[in-house]
Amino acid sequence: MKKFACVFGASGEIGQAICIEMAKSGWSLYLHFHQNMEAVLHLQEKLSTTYQDQDFLIIHADLSSTQGAQNAIESIFDVEAIIFANGQSLYKLLEDTSPTEMDTLWKTHVQNPMHIVGNLASKLRNHQVSYIVLIGSIWGQTGASGEVVYSAVKGAQHAFVKAYAKESGSSGVRANIIAPGIIDTQMNAGLDAEERSQILDEIPLQRLGKAKEVANMVQFLTSGKADYITGQVIGVNGGWYI
(Lines give C-alpha, C1' and ligand atoms only; values in the text may rest on other atoms or scores of the structure.)
Protein backbone atom coordinates (compact mmCIF):
# COMPACT_ATOMS: atom_id res chain seq x y z
CA MET A 1 0.00 0.00 0.00
CA LYS A 2 1.24 3.47 -0.87
CA LYS A 3 1.49 6.02 1.92
CA PHE A 4 0.50 9.57 1.08
CA ALA A 5 1.71 12.84 2.56
CA CYS A 6 0.56 16.31 1.59
CA VAL A 7 3.22 19.01 1.55
CA PHE A 8 1.74 22.49 1.51
CA GLY A 9 4.18 24.99 0.05
CA ALA A 10 5.99 22.36 -2.01
CA SER A 11 7.25 24.95 -4.50
CA GLY A 12 9.33 26.86 -1.94
CA GLU A 13 12.95 26.05 -1.18
CA ILE A 14 12.19 24.44 2.17
CA GLY A 15 9.10 22.74 0.75
CA GLN A 16 11.06 21.25 -2.14
CA ALA A 17 13.74 19.96 0.24
CA ILE A 18 11.01 18.36 2.38
CA CYS A 19 9.45 16.67 -0.66
CA ILE A 20 12.80 15.24 -1.76
CA GLU A 21 13.50 13.76 1.68
CA MET A 22 9.96 12.41 2.05
CA ALA A 23 10.11 10.80 -1.39
CA LYS A 24 13.42 9.15 -0.49
CA SER A 25 11.60 7.58 2.46
CA GLY A 26 8.94 6.05 0.24
CA TRP A 27 6.14 8.60 0.53
CA SER A 28 3.80 9.39 -2.33
CA LEU A 29 3.08 13.11 -2.23
CA TYR A 30 0.48 15.74 -2.86
CA LEU A 31 2.53 18.75 -3.98
CA HIS A 32 0.72 21.97 -3.11
CA PHE A 33 1.59 25.32 -4.62
CA HIS A 34 -0.04 28.71 -5.02
CA GLN A 35 2.04 30.82 -7.41
CA ASN A 36 5.23 29.06 -8.53
CA MET A 37 3.86 26.52 -10.99
CA GLU A 38 7.17 26.15 -12.84
CA ALA A 39 8.98 25.05 -9.68
CA VAL A 40 6.38 22.49 -8.68
CA LEU A 41 6.14 21.02 -12.19
CA HIS A 42 9.92 20.64 -12.26
CA LEU A 43 9.80 18.99 -8.83
CA GLN A 44 7.04 16.62 -9.91
CA GLU A 45 8.99 15.58 -13.00
CA LYS A 46 12.17 15.03 -10.99
CA LEU A 47 10.44 12.93 -8.32
CA SER A 48 8.34 10.93 -10.80
CA THR A 49 11.46 10.02 -12.78
CA THR A 50 13.45 9.01 -9.70
CA TYR A 51 10.68 7.21 -7.78
CA GLN A 52 8.56 5.55 -10.43
CA ASP A 53 6.57 3.38 -8.01
CA GLN A 54 5.30 6.42 -6.10
CA ASP A 55 2.66 9.01 -7.01
CA PHE A 56 3.24 12.77 -7.08
CA LEU A 57 0.06 14.76 -7.50
CA ILE A 58 -0.19 18.55 -7.79
CA ILE A 59 -2.66 20.69 -5.84
CA HIS A 60 -3.14 24.36 -6.67
CA ALA A 61 -4.74 26.42 -3.91
CA ASP A 62 -4.51 29.86 -2.38
CA LEU A 63 -4.35 29.29 1.38
CA SER A 64 -4.99 32.96 2.10
CA SER A 65 -8.63 32.31 1.16
CA THR A 66 -11.22 30.00 2.69
CA GLN A 67 -12.22 28.71 -0.75
CA GLY A 68 -8.61 27.91 -1.55
CA ALA A 69 -8.33 25.80 1.58
CA GLN A 70 -11.58 24.03 0.68
CA ASN A 71 -10.27 23.31 -2.81
CA ALA A 72 -7.19 21.69 -1.28
CA ILE A 73 -9.29 19.58 1.08
CA GLU A 74 -11.43 18.28 -1.78
CA SER A 75 -8.31 17.24 -3.74
CA ILE A 76 -6.96 14.94 -1.02
CA PHE A 77 -8.38 11.41 -0.93
CA ASP A 78 -6.04 9.59 1.44
CA VAL A 79 -3.41 11.10 3.68
CA GLU A 80 -1.17 9.84 6.45
CA ALA A 81 0.97 12.95 6.96
CA ILE A 82 0.31 16.66 6.50
CA ILE A 83 3.21 19.09 6.36
CA PHE A 84 2.64 22.84 6.27
CA ALA A 85 5.68 24.56 4.77
CA ASN A 86 3.62 27.29 3.11
CA GLY A 87 3.43 30.87 4.23
CA GLN A 88 4.54 34.40 3.60
CA SER A 89 6.57 36.92 5.53
CA LEU A 90 5.70 40.54 6.26
CA TYR A 91 8.37 43.11 7.12
CA LYS A 92 6.44 46.09 8.48
CA LEU A 93 6.02 48.08 11.62
CA LEU A 94 2.75 47.23 13.33
CA GLU A 95 1.48 50.80 12.88
CA ASP A 96 1.98 50.46 9.11
CA THR A 97 0.25 47.09 8.81
CA SER A 98 -3.28 47.10 7.44
CA PRO A 99 -6.14 44.90 8.69
CA THR A 100 -6.17 43.23 5.27
CA GLU A 101 -2.50 42.26 5.63
CA MET A 102 -3.15 40.97 9.14
CA ASP A 103 -6.10 38.91 7.88
CA THR A 104 -4.05 37.44 5.02
CA LEU A 105 -1.28 36.30 7.35
CA TRP A 106 -3.76 34.88 9.86
CA LYS A 107 -5.58 32.85 7.22
CA THR A 108 -2.40 31.64 5.52
CA HIS A 109 -0.53 30.56 8.63
CA VAL A 110 -3.26 29.69 11.14
CA GLN A 111 -6.93 29.66 10.15
CA ASN A 112 -6.71 27.65 6.95
CA PRO A 113 -4.13 25.13 8.20
CA MET A 114 -6.46 24.50 11.16
CA HIS A 115 -9.44 24.25 8.78
CA ILE A 116 -7.55 21.75 6.61
CA VAL A 117 -6.47 19.60 9.56
CA GLY A 118 -9.99 19.60 10.99
CA ASN A 119 -11.49 18.47 7.70
CA LEU A 120 -8.83 15.83 7.05
CA ALA A 121 -8.84 14.46 10.60
CA SER A 122 -11.04 11.51 9.69
CA LYS A 123 -8.60 10.53 6.92
CA LEU A 124 -5.68 10.73 9.35
CA ARG A 125 -7.60 8.49 11.78
CA ASN A 126 -7.85 5.81 9.10
CA HIS A 127 -4.19 5.10 9.89
CA GLN A 128 -2.94 3.70 13.17
CA VAL A 129 -0.24 6.37 13.23
CA SER A 130 -0.37 9.68 11.37
CA TYR A 131 1.55 12.93 11.40
CA ILE A 132 1.10 16.68 11.30
CA VAL A 133 4.20 18.86 11.01
CA LEU A 134 4.18 22.63 10.69
CA ILE A 135 7.16 24.79 9.79
CA GLY A 136 6.96 27.55 12.37
CA SER A 137 9.66 30.09 13.14
CA ILE A 138 12.13 31.18 15.77
CA TRP A 139 10.12 34.44 15.78
CA GLY A 140 7.11 32.53 17.07
CA GLN A 141 9.24 31.74 20.12
CA THR A 142 11.06 35.00 20.74
CA GLY A 143 9.39 37.65 18.57
CA ALA A 144 10.95 40.03 16.04
CA SER A 145 10.85 43.79 15.80
CA GLY A 146 9.51 44.81 12.42
CA GLU A 147 7.75 41.45 12.05
CA VAL A 148 5.19 41.70 14.83
CA VAL A 149 2.24 40.24 12.91
CA TYR A 150 4.37 37.45 11.43
CA SER A 151 5.70 36.64 14.91
CA ALA A 152 2.16 36.58 16.28
CA VAL A 153 0.80 34.13 13.69
CA LYS A 154 3.83 31.88 14.12
CA GLY A 155 3.27 31.91 17.88
CA ALA A 156 -0.34 30.94 17.21
CA GLN A 157 0.85 27.99 15.11
CA HIS A 158 2.96 26.84 18.06
CA ALA A 159 -0.03 27.05 20.40
CA PHE A 160 -2.23 25.17 17.92
CA VAL A 161 0.20 22.26 17.71
CA LYS A 162 0.43 21.96 21.50
CA ALA A 163 -3.34 21.95 21.91
CA TYR A 164 -4.09 19.69 18.95
CA ALA A 165 -1.51 17.14 20.08
CA LYS A 166 -3.53 16.75 23.28
CA GLU A 167 -6.83 16.53 21.42
CA SER A 168 -5.72 14.06 18.74
CA GLY A 169 -3.17 11.89 20.52
CA SER A 170 -5.67 9.18 21.40
CA SER A 171 -6.41 8.87 17.66
CA GLY A 172 -2.76 8.13 16.87
CA VAL A 173 -1.92 11.58 15.51
CA ARG A 174 1.52 13.04 16.22
CA ALA A 175 1.49 16.84 15.86
CA ASN A 176 4.73 18.82 16.06
CA ILE A 177 6.17 22.09 14.83
CA ILE A 178 9.67 22.88 13.65
CA ALA A 179 10.91 26.39 14.43
CA PRO A 180 13.80 27.22 12.09
CA GLY A 181 16.19 30.06 12.70
CA ILE A 182 17.59 31.87 9.68
CA ILE A 183 17.83 29.49 6.73
CA ASP A 184 20.02 30.13 3.71
CA THR A 185 17.30 30.55 1.09
CA GLN A 186 16.60 33.08 -1.63
CA MET A 187 14.33 34.96 0.79
CA ASN A 188 17.41 35.83 2.86
CA ALA A 189 19.73 36.46 -0.08
CA GLY A 190 19.16 40.20 0.28
CA LEU A 191 21.18 40.39 3.49
CA ASP A 192 24.25 42.52 3.00
CA ALA A 193 27.66 41.50 4.37
CA GLU A 194 27.30 43.57 7.54
CA GLU A 195 23.83 42.23 8.33
CA ARG A 196 24.96 38.66 7.74
CA SER A 197 28.00 39.14 9.94
CA GLN A 198 25.90 40.56 12.78
CA ILE A 199 23.54 37.59 12.62
CA LEU A 200 26.33 35.04 12.50
CA ASP A 201 27.88 36.60 15.60
CA GLU A 202 24.67 35.74 17.49
CA ILE A 203 24.46 32.11 16.31
CA PRO A 204 26.61 29.67 18.33
CA LEU A 205 27.21 27.43 15.31
CA GLN A 206 28.34 30.49 13.30
CA ARG A 207 26.43 29.75 10.11
CA LEU A 208 23.00 29.91 8.53
CA GLY A 209 20.86 26.80 8.40
CA LYS A 210 20.19 24.79 5.26
CA ALA A 211 16.78 23.90 3.84
CA LYS A 212 17.83 20.25 3.88
CA GLU A 213 18.40 20.44 7.64
CA VAL A 214 14.78 21.46 8.16
CA ALA A 215 13.70 18.72 5.76
CA ASN A 216 15.75 16.16 7.67
CA MET A 217 13.80 16.96 10.83
CA VAL A 218 10.50 16.58 8.98
CA GLN A 219 11.68 13.23 7.65
CA PHE A 220 12.66 12.11 11.15
CA LEU A 221 9.32 13.14 12.68
CA THR A 222 7.41 11.18 10.01
CA SER A 223 9.76 8.17 9.87
CA GLY A 224 8.31 6.06 12.66
CA LYS A 225 11.47 6.66 14.70
CA ALA A 226 9.95 9.63 16.54
CA ASP A 227 6.52 8.27 17.41
CA TYR A 228 6.77 9.18 21.11
CA ILE A 229 7.22 12.84 20.20
CA THR A 230 4.12 15.01 19.95
CA GLY A 231 3.11 18.54 20.85
CA GLN A 232 6.68 19.80 20.61
CA VAL A 233 8.25 22.96 19.21
CA ILE A 234 11.60 21.79 17.84
CA GLY A 235 14.22 24.42 17.14
CA VAL A 236 16.47 24.07 14.10
CA ASN A 237 18.40 27.26 14.67
CA GLY A 238 22.09 26.60 15.35
CA GLY A 239 21.61 27.55 18.98
CA TRP A 240 20.38 31.06 18.15
CA TYR A 241 17.44 30.61 20.53
CA ILE A 242 17.73 28.10 23.38
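Because the structure is a prediction, the values reported are computed rather than measured.

Calculation notes
Along each chain, residue indices are assigned from 1 in the same order as the chain's sequence is written. Predicted model: local features are reported for residues with pLDDT of at least 70 only, side-chain atom pairs are reported and counted for 80 or more only, and whole-chain, interface and lining totals are derived from all residues. Only hydrogens and water are removed before side-chain values are computed, so all heavy atoms of the structure are retained for them. Secondary structure elements are defined from DSSP: runs of H or I of at least 4 residues count as helices, runs of E of at least 2 residues count as strands, and each element is numbered from the N terminus. Type-normalised accessible area, obtained with a 1.4 Å probe on protein chains alone, sets the label of each residue: buried when under 20%, exposed when over 50%, and partly exposed for intermediate values. We treat Lys and Arg as the positive residues and Asp and Glu as the negative residues; His and chain ends play no part in the count. When a carboxyl oxygen of Asp or Glu lies within 4 Å of a side-chain nitrogen of Lys or Arg, that pair is called a salt bridge. Pairs of N or O atoms are called polar contacts if they sit within 3.5 Å, as long as, within protein, a hydrogen donor faces a hydrogen acceptor (for residues adjacent in sequence, only side-chain-to-side-chain pairs). Note on definitions: a residue-residue contact is assigned when non-hydrogen atoms from the two residues lie within 4.5 Å. At least two bridges found by DSSP between two strands are what make those strands a pair. Fitted lines through C-alpha atoms give the axes, limited to the stretch in contact for helices. The angle between two N-to-C directions lies from 0 to 180 degrees.

**Q** I'd love a proper account of the side chain of Arg174, names of residues and values included.
**A** Residue position: Arg174 is located in strand E6 (residues 173-180). Of the side chains with opposite charge, Asp227 comes closest to the buried, unpaired Arg174, at an N-O distance of 4.4 Å. One polar contact links the side chain of Arg174 to the main-chain carbonyl oxygen of Gly172, over a distance of 2.9 Å. Setting aside residues up to four positions removed in sequence, Arg174 forms contacts with Gln128, Val129, Ser130, Tyr131, Ile132, Asp227, Ile229 and Thr230.

**Q** Any chance you could break down the environment of Ala163 for me, citing the residues and the numbers?
**A** In this structure, Ala163 sits in helix H6 (residues 148-168). By relative accessible area, Ala163 is classed as partly exposed at 48%. Between the C-alpha atom of Ala163 and that of Gly143, which follows or precedes it by 20 residues, the distance is 20 Å.

**Q** Please provide a residue-by-residue account of the sheet that holds strand E3 (residues 56-60), values included.
**A** Across the sheet, which stays open at both edges, the 7 strands sit in the order E3-E2-E1-E4-E5-E6-E7 with parallel pairing between neighbours. Each having just a single partner strand, E3 and strand E7 (233-236) make up the two edges of the open sheet. Averaged over all pairs of adjacent strands, the angle between their axes in this sheet comes to 20°, without regard to strand direction. Here E6 runs beside E7; their pairing, made up of 4 bridges, is parallel. In the sheet register, Pro180 faces E7, and the bridge partner there is Val236. Strands strand E1 (3-8), strand E2 (27-33), E3, strand E4 (81-84) and strand E5 (130-135) of the sheet are contacted by helix H1 (residues 13-24), whose axis makes an angle of about 165° with E2. Its contacts with the sheet place H6 against E5, E6 and E7, and it is angled at close to 160° to E6.

**Q** I'd like a rundown of the pattern of salt bridges, residues and numbers included.
**A** Applying the stated criterion across every chain, the model contains 6 salt bridges. Between Arg207 and Glu213 there is a salt bridge, with its nearest N and O atoms 2.6 Å apart. Connected through salt bridges with shared partners, the residues Glu21, Lys24 and Lys212 form a single ionic network.

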